[in-house]
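# A look at the structure
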Amino acid sequence: MTDQIWDSNLPAKYKSISTYQWTPVQVIEFTWQYLQTQSVSSILDLGSGVGKFCLYLAKLANGNFPIYGIEDRLDLYKVSESLKTKLKLEGVVFNHEDFLVNFPFGHSHYYLFNPLYETMKGNYSIDFEKEKSANLFLKNLQILKSNLLKCKTGTKVITYHGFGGSILPGFRILMKKELELGEWMVWERD
Ligand SMILES: C[S@@+](CC[C@H](N)C(=O)[O-])C[C@H]1O[C@@H](n2cnc3c(N)ncnc32)[C@H](O)[C@@H]1O
């Protein structure tokens, strides 16, 4: 699989921002290698976008564990649902929700590709529907951290390009890898 092949499934406006917004194939394959060393009850992508991480992982994992994605942009959620049907993938469930409002507790593993970063001013935004504000970013980061702190001991959080901060209270860093395309880390709830 290559990003070019996978992204060819996407509507043009989402294909053009793939490098900046959707996890590269190589990073998903690296994450799958790691997950094979783990006892995974389920994994959830916080901010699943067009579903690239969840759908390609579902193909690789082939039913080994359930995969979930949460996305608050309706259009992206709809793209992920239609790709799931088109690619005939099972074992993956998408929900249209805001994880800052309704945090999905109970998974052994979480994945984040810096979903809060979009609140900061920058290039390659998905759209301009959401407010851009440093204060809002800090407020949302606090909500995310406090919810992750409520996860049970042993919960793992995998980040690609971080979660938005440098310290995750209640977690220790288990792994840190400088991949060609960005920093990949695993955090464990103490
Ligand atoms: C950088 S993209 C990563 C997408 C996907 N995880 C992937 O790797 O392919 C971050 C996603 O998080 C979503 N997002 C940001 N804040 C969210 C929130 N509070 N609730 C649900 N989704 C959110 C954005 O809409 C965007 O699709």
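Everything below is about the structure shown above.
Presented here is a report on the structure given in the accompanying data block. In this text the structure is predicted, and so the values were computed from the model without any measurement.

### Side note on the environment of Asn 102
- Among the structural elements, Asn 102 can be located in the loop between strand 3 (92–96) and strand 4 (109–112).
- At 3.0 Å, the side chain of Asn 102 and the side chain of Glu 97 are in polar contact.

### Here's the deal with the site of the ligand
- The environment of the ligand is formed by 24 residues, the closest being Thr 23, Asp 45, Gly 47, Glu 71 and Arg 73.
- Within the contact set of the ligand, a nitrogen atom lies 3.3 Å away from a side-chain nitrogen or oxygen of Asp 72.
- Between the ligand and the protein, one listed contact pairs an oxygen atom with a side-chain N or O atom of Arg 73 at 2.6 Å.
- Coverage of the ligand by the protein amounts to 97% of the 600 Å² it exposes when considered alone.
- Mapped by element, the contributors of at least two residues to the shell around the ligand are helix 5 (52–61) and strand 2 (67–71).
- A breakdown of the residues in the shell around the ligand according to their chemical character gives 10 nonpolar, 5 polar and 9 charged.

### Thoughts on the sheet that holds strand 3
- Overall, mixed pairing links the 7 strands, which are arranged 3-2-1-4-5-7-6 in an open sheet. Only two strands of the sheet have a single neighbouring strand rather than two, namely strand 3 and strand 6 (171–179). Along the sheet, successive strands turn relative to each other by an average axial angle of 20°, direction set aside.
- Inspection of the sheet shows strand 6 paired to strand 7 (residues 182–189) by 8 bridges, in the antiparallel sense. Across the sheet, the residue bridging to Lys 177 is Trp 184, located in strand 7.

Analysis parameters
Residues numbered from 1 in each chain as written. Predicted model: local features only at pLDDT ≥ 70, side-chain atom pairs only at ≥ 80, totals over all residues. Heavy atoms only, no water. Helix = DSSP H or I, 4+ residues; strand = E, 2+ residues; numbered from the N terminus. Polar contact = N/O pair within 3.5 Å; in protein donor to acceptor, adjacent residues only side chain to side chain. Near = heavy atom within 4 Å. Areas by Shrake-Rupley, 256 points an atom, 1.4 Å probe, with all protein chains shown as cover. Nonpolar A, V, L, I, M, F, W, Y, C, P; charged D, E, K, R; others polar. Pairing = 2+ DSSP bridges. Axes fitted to C-alpha atoms, helices over the stretch in contact; angles between N-to-C directions.

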